[in-house]
Amino acid sequence: MALDDFRIPTERLRWTCDPTLFDFETTEQLPDLEDAIGQKRALRSIEFGLGMEETGFNLYIAGETGTGRASTIRSILKKRSKNEPQPNDWVYVHNFKDHDAAVSISLPAGKGSEMSADMKELVEAFKIDIPKALESKEYETRRAEILEEYQESNNQLFQGLEKDADERGFTLQRTVSGLVVVPQKEGRNYTQEEYEALTDAERENLDQIGKELTEKLNDVLRQVRDSEKVTKEALAQADRELGMSCLGHRLDPLKEKYADLPKVLSYLEAVQEDILNNLEDFKPQTSQPQIPGLKLPRQEPTFERYEVNVLVDNRETKGAPIVFESNPTYNNLFGRIEHVMQYGGVAATDFTMIKSGALHRANGGYLVIDAREVLINPFVWDSLKRCIRTSEIRIEDVLEQYRFMTMVTLKPEPVPLQAKIVMIGTPWIYYMLFYLDPDYRKFFKVKAEFDSYVARTPEIMRDYAMFVASHCRCEKLLHFDRSGISALLEQTARMVEDQHKLSSQFMEIADFIREASYWAKKDGHSIVTDKDVLRAADEKIYRVNRIEERLQELYEDGTIMVDTDGAVVGQINGLSVISLGDHTFGRPSRITARVYAGKDGMVNIEREVKLSGPIHDKGVMILTGYLGGTFATERPLSLSASICFEQSYDGIEGDSASSTELYSLLSALSGIPIKQGIAVTGSVNQLGMIQPIGGANFKIEGFFAVCKSKGLTGQQGVMIPKANERHLMLKEEVVTAVKEGLFHIWSVETIEQGIEILTGMPAGKRGKNKKFAKGTLYYLVDEQLRKMGDLLKKQAVKRRRKPSKKTIVSD
């Protein structure tokens, strides 16, 4: 088997985009991108969710940040809403039957503000008409006539009573307690002596007459009260007739205007009745006396109860409303009831202080909110579910139950909810809600999942070019030529580490476009070319790779020991990926293995000191399965071995080094040295098949940097799994070195292929005699395992033959 059979050709080390595939010179010639790039599954799900009108078919748009979720749903809703009906306005008016509540009324779009203006005009007209009518001569005459009739009736009653009293020697006198009947003598009241001087018969006669006259007085007073009541009713009727004369020609046009809205007609009737019952409020108010040194607020009648609070005004809305609520707090989403502090520190409110929320504005249309923001804001998630469940929006003071003292508040009538709610969030939040909240499945039945990459096709590549054109045009950036677009597409392929896919992390791509335009301007270019794109990539890495460079210095000065030349038994260069959040890079690590006779099996030093994760531990345990299946079919596997990541002081996780550890173990068992110029990555299963890993590009480039700093010999390279070939998007520097024969990339499918590349000796296979052929590495391993097994057997026999010490006790 020749090494060349496993070398990856230069043209397969990265995908190179051919600029001649594009039929434009610059992106300035391209139209704007209108639809999302790829994401067919998500778009189909969105179309289904928006089309379902039944309750509960709200959408959850899942995907990683930057995949175009918000911009895509915004574009789709913008197109869709244009052809949908314009929703109604919503207003709140005073509830004249229950002052602690408010009545919600639905009006055709634009009618809400009209009704508000009509009511303001109506009240202003009443403020002028009613006082004029109250001061008119006709009203005063009618009022005087009623009062005159009342006075005349009272006078007749009292005159009759006084005449009867005079004839019988009594008179009416007014005292503090009211009118009383008093006996008279010679035109004056009896004195106490005169009254006592009367005989018993005379006193009894006076008392009897007084009793009769008192009864008549009570009858007269009763008649006066009845007359007063009738007079008040007559005055009230006069006021009502006066009010109707003022209201009729004002209210009738409004009743005709809103004749097809029964709830408005009921409200107008209630307004009419309230005005007729409170005509005194429209009379000019006399000023109250002021206390010296203290300015008291002027008490005047308020007419706010006749105002119309326009909660939602859709007169400017074209089609269905689309509301993106970036801060979905409880008040911002469901509305609030404001309060004002009055004189004396009392908080007061009324229906005019009811403010709408995003749900009110989105009613009849679409509400788009961020799932994370909904969950972190108190009370929002439960209240949102309640709104969907009841199909109505209630405006409540959610903090009322947590206050130490209550405040005056309202209970507005709820507004019916008919809106499509769209939540945008990560897949993690979606599954958390799906499994932990049973109600979630009832109310968000449609998931639209955005992928983080798309398959590379000519159509998709052109869409990317149109995406660039749109951003350049929108943000006034420099346009890209064909080479610039090609370089950008290569960068997106590198972002997902796949030669056949492109990244859909459009937030990062948009930033890349801006950075490339910046560097092109800085260099005095009028068009962004491939050189500007490559510089933007290099500058972006330079801004964040300080730690990578410091680690590189440790390799160069020998602090971190890694050999890139020669051959050593039981020692190999493994590859790992270091992720720092904003920067990811690969670095080699020395892995060593030592074997000795014993029955301890495989000892993972990292595991013993609790520096390895469960996946790494699993990879190490797989090695025992492979060794047992390969070398212990005839006898037990008897060995002790320790495997260690040298100079590793942090936790290790992942199984991408399991094949590397197996290679070092085979080298230690066979005594055949491993070439130190070759680094290895790849996981292995129990059958010895090499499995793909992640971060292949970073790992290769990390080892290349170390080899370059120590000097390229032409014998160095990296061995990767065969399945990872499609993931290669190496830097041009590495590709050039491979092309010049200074560096090599091999791909293998089995452990046997890999060990031959590393040692130059074939692995070997068992023959018909069930033994490995001489001159193969596995023959040496098998012999070493046999020797260790024999040694263990001899030691076991010696322990059995060794006499035990006996204690002799003499009598």
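Refer to the structure presented above.
A brief report on the enclosed structure follows.

Analysis parameters
Residues numbered from 1 in each chain as written. Predicted model: local features only at pLDDT ≥ 70, side-chain atom pairs only at ≥ 80, totals over all residues. Heavy atoms only, no water. Helix = DSSP H or I, 4+ residues; strand = E, 2+ residues; numbered from the N terminus. Rg over C-alpha atoms; globule rule 2.2 N^0.38 Å. Buried < 20%, exposed > 50% of the residue type's maximum accessible area, 1.4 Å probe, protein only. Contact = heavy atoms within 4.5 Å. Areas by Shrake-Rupley, 256 points an atom, 1.4 Å probe, with all protein chains shown as cover. Disulfide = S-S within 2.5 Å. Core = buried A, V, L, I, M, F, W, Y, C linked by side-chain atoms within 4.5 Å. Expected span 1.5 Å × (residues − 1). Arc of directions from axis to C-beta.

**A word on the overall build of the chain**
- Along the chain, the regular secondary structure elements total 25 helices and 31 strands.
- The globule rule puts the C-alpha radius of gyration for 811 residues at 28 Å, and the 48 Å found for the chain is more than 25% above it.
- Projected onto its principal axes, the C-alpha coordinates of the chain cover approximately 165 × 110 × 55 Å.
- Burial analysis of the chain (811 residues in total) assigns 46% to the buried set.
- Across the chain, every contact between residues at least 6 apart in sequence was considered, and the portion connecting residues at least 24 apart equals 76%.
- Split by element, the accessible area of the chain, about 43,400 Å² in all, is 51% carbon and sulfur.

**Looking at the environment of E413**
- Positionally, E413 belongs in the loop between β15 (411–412) and β16 (415–416).
- Beyond its immediate sequence surroundings of up to four residues, E413 is in contact with Y92, A102, V103, S104 and K263.

**Observations concerning the state of the cysteines**
- As enumerated under the stated definition, the model contains zero disulfides in all.
- Free of any disulfide, C472 has its nearest neighbouring cysteine sulfur in C474, separated by 10 Å.
- By relative accessible area, which is 1% here, C472 ends up buried.

**Description of unusual backbone geometry**
- A positive phi angle is found at Q39, which is not glycine, with a value near 55°.
- Within the fold, Q39 resides in the segment before α1 (40–51).
- At K476, a position not held by glycine, the phi torsion is positive, near 55°.
- Summarising the element assignment, K476 is placed in the loop between α14 (458–475) and α15 (482–496).

**A short note on the nonpolar core**
- Y663, L666, M719, I751 and Y778 are the most contacted members of the largest nonpolar core, which totals 41 residues.
- For this core, the elements supplying multiple residues, two or more each, are β23 (584–596), α20 (614–631), β25 (640–645), α21 (658–670), β27 (678–680), β31 (744–748), α24 (751–759) and α25 (777–801).
- At six residues, α21 tops the list of elements feeding residues into this core.
- Filtering out sequence-adjacent residues up to four positions away, I751 remains in contact with Y626, S659, L662, Y663, L666, V684, G688, I690 and Y778.

**What to know about helix α2 (residues 69–81)**
- Compared with the 18 Å implied by 1.5 Å per residue over 13 residues, the 18 Å span of α2 between its first and last C-alpha is a close match.
- Along α2, the positions that sit buried rather than exposed are R69, T72, I73, L77 and S81. One side of α2 holds all its buried residues, which, seen down the axis, span an arc of 145°.

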